[in-house]
Amino acid sequence: MEKKMRDLEDELFPSTPGKVKIERAHAMNRQFHRCFASTSTMFLWALFLIALTASYLSFQSFVDTSSKYFTASWGGLHWERQVRASALPRRSNGISVLVTGAAGFVGSHVSIALHKRGDGVLGLDNFNSYYDPSLKKARKTLLASHGIFVVEGDVNDARLLAKLFDIVPFSHVMHLAAQAGVRYAIENPNSYVHSNIAGLVTLLEACKAADPQPAIVWASSSSVYGLNEKVPFSESDTTDRPASLYAATKKAGEEITHTYNHIYGLSITGLRFFTVYGPWGRPDMAYFSFTRNILQGKPITIYRGKDRVDLARDFTFIDDIVKGCIASLDTAEKSTGSGGKKRGQAQYRIYNLGNTSPVTVPTLVSLLERHLKMKAKKNMVEMPGNGDVPFTHANISLARRELGYKPSTNLEAGLKKFVKWYLSYYGYGRSNAGKNL
Ligand SMILES: O=C(O)[C@H]1O[C@H](OP(=O)(O)OP(=O)(O)OC[C@H]2O[C@@H](n3ccc(=O)[nH]c3=O)[C@H](O)[C@@H]2O)[C@H](O)[C@@H](O)[C@H]1O
């Protein structure tokens, strides 16, 4: 009994404490080794994984770089030949113009008009998706049918610009690439800074460094007059009350171009366009989206100012704007700088290109109804405070005097041409006509 008790005791509490220690020590040792072995294995695994990840990442970046290199939308001998051929004037004393925003509304019209009279035209456009890029592609196809090549690229791409100026000694740059639209700035403010400020500066840097330096004609906007009340708007009026970020970036553009004119001798002409409309226009603009909605039986929203006053715009037909652009190119003096240095005072001009005949938005709608032979479903709402101004009205005396600018298409005639184009492009019944704005 006593023995049984001892055996049990021994079993429960072994009599040789040392043995337990030794066994424990061995066990701990084994555990430690196992643990150490597993830690070092883990460490090795971790190292392996890090190495694997690093090599994967560098492989990816190699693939990215090479795919960028191999799939770049510009570069190569064939591309250079297209650039040269397109930019080459076909008449004696013809000019060679880089048109930025060439797949845009105004850009495509100006490019074709220049090409038709024998000037060299090279287009540049980033085909962004602010509105339906398929319309921009269609304009590109139209330009190609005239023999005008449009490079797919961004004005923020300094390497591309340097390459273009390296290939072609452009005499002029018609800078129309921009983030347009007054109200969209609420949604995407940075796109205005990116295109209208950063892109402009990148382009001016390229022009400054080019040899010869080109003369620059570029699109400012009637929106720089902002909340001014004195009408008609004159170039000498102050423009320090912009109502939208779009207007503010255009105003900044006028000051930035002035700086490049002053420091580097770049010849600058800024054109303040007043609500340009017409065939191949911009789907985000009122006359275009109203047309689409009326045809599709959808309602349109008409903004009204304070005290239910109708909003009014100095709507200007595209053909008149094109004439103003070309007259600006033709009267632009050469830039005076070279090697990035100014050699003398260069020309700096700003012109209003409007129609001098403001029309209210409800009248615009009535004209569309007449041309479309359909009634609009109208929602009248108070103008939201998102960048709109109540009216615009251009004084065009300066442009008339110095450019011979004389708009000749009134809104009724211009809208008739627009509606004709719209119906031929989208058709009557297509339910998705102009849907992807
Ligand atoms: O001259 C410019 O510098 C600018 O012209 C153009 O801006 P805006 O004059 O604002 O043209 P646009 O949008 O056609 O609205 C026309 C009218 O319809 C009203 N409008 C508009 C939309 C709507 O749904 N309802 C409405 O009543 C609206 O309140 C306005 O009264 C260019 O888009 C811009 O890029 C810039 O170039």
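No experiment lies behind these values; they were computed from the predicted model shown.

K.L.:
With reference to specific residues and values, describe the UniProt feature "domain: NAD-dependent epimerase/dehydratase" (unreviewed entry) in the protein chain.
P.N.:
Residues given the UniProt feature "domain: NAD-dependent epimerase/dehydratase" (unreviewed entry) here are residues 97–334. In this annotation, residues 97–334 is assigned 42% helix and 18% strand; the end-to-end C-alpha distance for the span is 13 Å.

K.L.:
Quick one: what's the story with the packing of aromatic side chains, residue by residue and with numbers?
P.N.:
If you walk through the whole model with that rule in mind, you get 29 aromatic pairs. Taking the centre distance of 5.4 Å and the plane angle of 45° together, the rings of W280 and W421 count as tilted. Here W421 lies in helix α13 (residues 411–426) and W280 lies in the loop between β7 (276–277) and α9 (286–295), a separation of 141 residues in the sequence. In terms of burial, W280 and W421 fall into one category: buried. Taken together, the aromatic side chains of Y277, W280, Y287, F288, F315, F317, F418, W421, Y422, Y425 and Y426 make up a single cluster linked through ring pairs. A cation sits over an aromatic face here: K136 above Y131, 4.6 Å from the ring centre. One Lys or Arg, K137, reaches over the ring of F127 and ends 4.0 Å from the middle of that ring.

K.L.:
Residues and numbers for helix α11 (residues 361–372), please.
P.N.:
The terminal C-alpha atoms of α11 lie 16 Å apart, and with 12 residues this matches the ideal 16 Å at 1.5 Å per residue to within 8%. Turning to α11, its buried residues are V361, L364, V365, L367, L368, E369, H371 and L372. Here the buried face of α11 lies against α9, β8 (299–304), β12 (359–360), β13 (377–382) and α13. Following α11 by one or two positions, K373 adopts a phi angle in the positive range, close to 55°.

K.L.:
Tell me about the sheet that holds strand β3 (residues 149–152), and name the residues and values.
P.N.:
The strands that make up a sheet pair up through hydrogen bonds in the backbone, lying either parallel or antiparallel. Read across the sheet, 7 strands follow the order β3-β2-β1-β4-β5-β6-β11 without closing on themselves; strand pairing throughout is parallel. Among the strands making up the open sheet, the edge pair consists of β3 and β11 (348–353). Taken pair by pair, the neighbouring strands of this sheet meet at an average axis angle of 20°, ignoring direction. Pairing geometry for strand β4 (residues 172–175) and strand β5 (residues 215–221), over 4 bridges, is parallel. If you follow H175 over to β5, its bridge partner there is W218.

K.L.:
Can you tell me about the packing of helix α4 (residues 105–116) against helix α10 (residues 318–331), naming the residues and giving the values?
P.N.:
Across the interface, α4 lies against α10 with an axial gap of 10 Å and an inter-helix angle of 60°. With respect to their mutual orientation, α4 and α10 come out oblique. Once α4 is placed against α10, the crossing between them reads as right-handed. Counted together, F105, V106, H109, V110, A113 and L114 of α4 and I318, I321, V322, C325, I326 and L329 of α10 form the full contact between these two elements.

K.L.:
An account of the side chain of N196 is needed here, citing residue identities and associated values.
P.N.:
Structurally, N196 is set in helix α7 (residues 189–209). Residue classification places N196 among the buried positions, given a relative accessible area of 5%. Only 2.7 Å separates the side chain of N196 from the backbone nitrogen of Q179, close enough to count as a polar contact. N196 has contacts with A178, Q179, Y246, T249 and K250, leaving out every residue within four places of it along the chain.

K.L.:
Before we move on, could you go through the state of the cysteines and cite the residues and values that matter?
P.N.:
As enumerated under the stated definition, the model contains 0 disulfides in all. Between C207, a cysteine without a disulfide, and C325, which holds the nearest cysteine sulfur, the sulfur-to-sulfur distance is 16 Å. Judged by relative accessible area, C207 falls into the buried class, the value being 0%.

K.L.:
Describe in detail the nonpolar core, supporting the description with residues and values.
P.N.:
V106, L114, M174, F273 and Y287 are the most contacted members of the largest nonpolar core, which has 73 residues in total. For this core, the element with the highest residue contribution is α13, accounting for 8 residues. Judged by nonpolar contacts, the second largest core, of 32 residues, contains V151, L164, A210 and Y260.

K.L.:
Got a sec to walk through the pattern of salt bridges? Specific residues and values, please.
P.N.:
Going through the model one piece at a time under the given rule, you end up with 16 salt bridges. A salt bridge links K208 to E205, with the shortest nitrogen-to-oxygen separation between them at 2.8 Å. Residue K208 and its partner E205 are both found in helix α7; the two are separated by 3 residues, about one turn of the helix. You can call K208 buried: its relative accessible area is 15%. Of the residues examined, E205 reaches a relative accessible area of 31% and is grouped as partly exposed. A salt bridge links R370 to E412; the nearest nitrogen and oxygen atoms lie 2.9 Å apart. Highlighted residues: R370 in helix α11 and E412 in helix α13, separated in sequence by 42 residues. Each member of the salt-bridge network shares a partner with another, and the members are R91, R117, D119 and D330.

K.L.:
Give me the side chain of D125: which residues, what numbers.
P.N.:
In this fold, D125 is placed in strand β2 (residues 120–125). As a buried residue without a salt bridge, D125 has its nearest oppositely charged side chain in K136, at a separation of 5.2 Å. Reaching out from D125, the side chain makes a polar contact with the backbone nitrogen of F127 at a distance of 2.8 Å. The contact partners of D125, leaving out residues within four places of it in the chain, are G101, A102, A103, G104, V150, V151, E152 and G153.

K.L.:
I'd like a rundown of the environment of P212, residues and numbers included.
P.N.:
Along the chain, the position of P212 falls in the loop between α7 and β5. Looking at P212, the relative accessible area reads 39%, which means it is partly exposed. For the pair P212 and F170, spaced 42 residues apart in the sequence, the C-alpha separation amounts to 7.5 Å. Each residue touching P212, except ones within four places of it in the same chain, is listed here: P169 and F170.

What counts and how
- Residues numbered from 1 in each chain as written.
- Predicted model: local features only at pLDDT ≥ 70, side-chain atom pairs only at ≥ 80, totals over all residues.
- Heavy atoms only, no water.
- UniProt positions renumbered as here; feature names shortened; annotations may be inferred.
- Helix = DSSP H or I, 4+ residues; strand = E, 2+ residues; numbered from the N terminus.
- Phe/Tyr/Trp six-rings, centres within 6.5 Å; stacked < 30°, edge-to-face > 60°.
- Buried < 20%, exposed > 50% of the residue type's maximum accessible area, 1.4 Å probe, protein only.
- Lys NZ or Arg CZ within 6 Å of the ring centre and 35° of its normal.
- Expected span 1.5 Å × (residues − 1).
- Contact = heavy atoms within 4.5 Å.
- Pairing = 2+ DSSP bridges.
- Axes fitted to C-alpha atoms, helices over the stretch in contact; angles between N-to-C directions.
- Parallel < 35°, antiparallel > 145°, perpendicular 65-115°, else oblique.
- Left-handed = near helix turned anticlockwise from the far one by under 90°.
- Polar contact = N/O pair within 3.5 Å; in protein donor to acceptor, adjacent residues only side chain to side chain.
- Disulfide = S-S within 2.5 Å.
- Core = buried A, V, L, I, M, F, W, Y, C linked by side-chain atoms within 4.5 Å.
- Salt bridge = Lys/Arg side-chain N within 4 Å of Asp/Glu carboxyl O.
- Lys, Arg positive; Asp, Glu negative; His and termini not counted.

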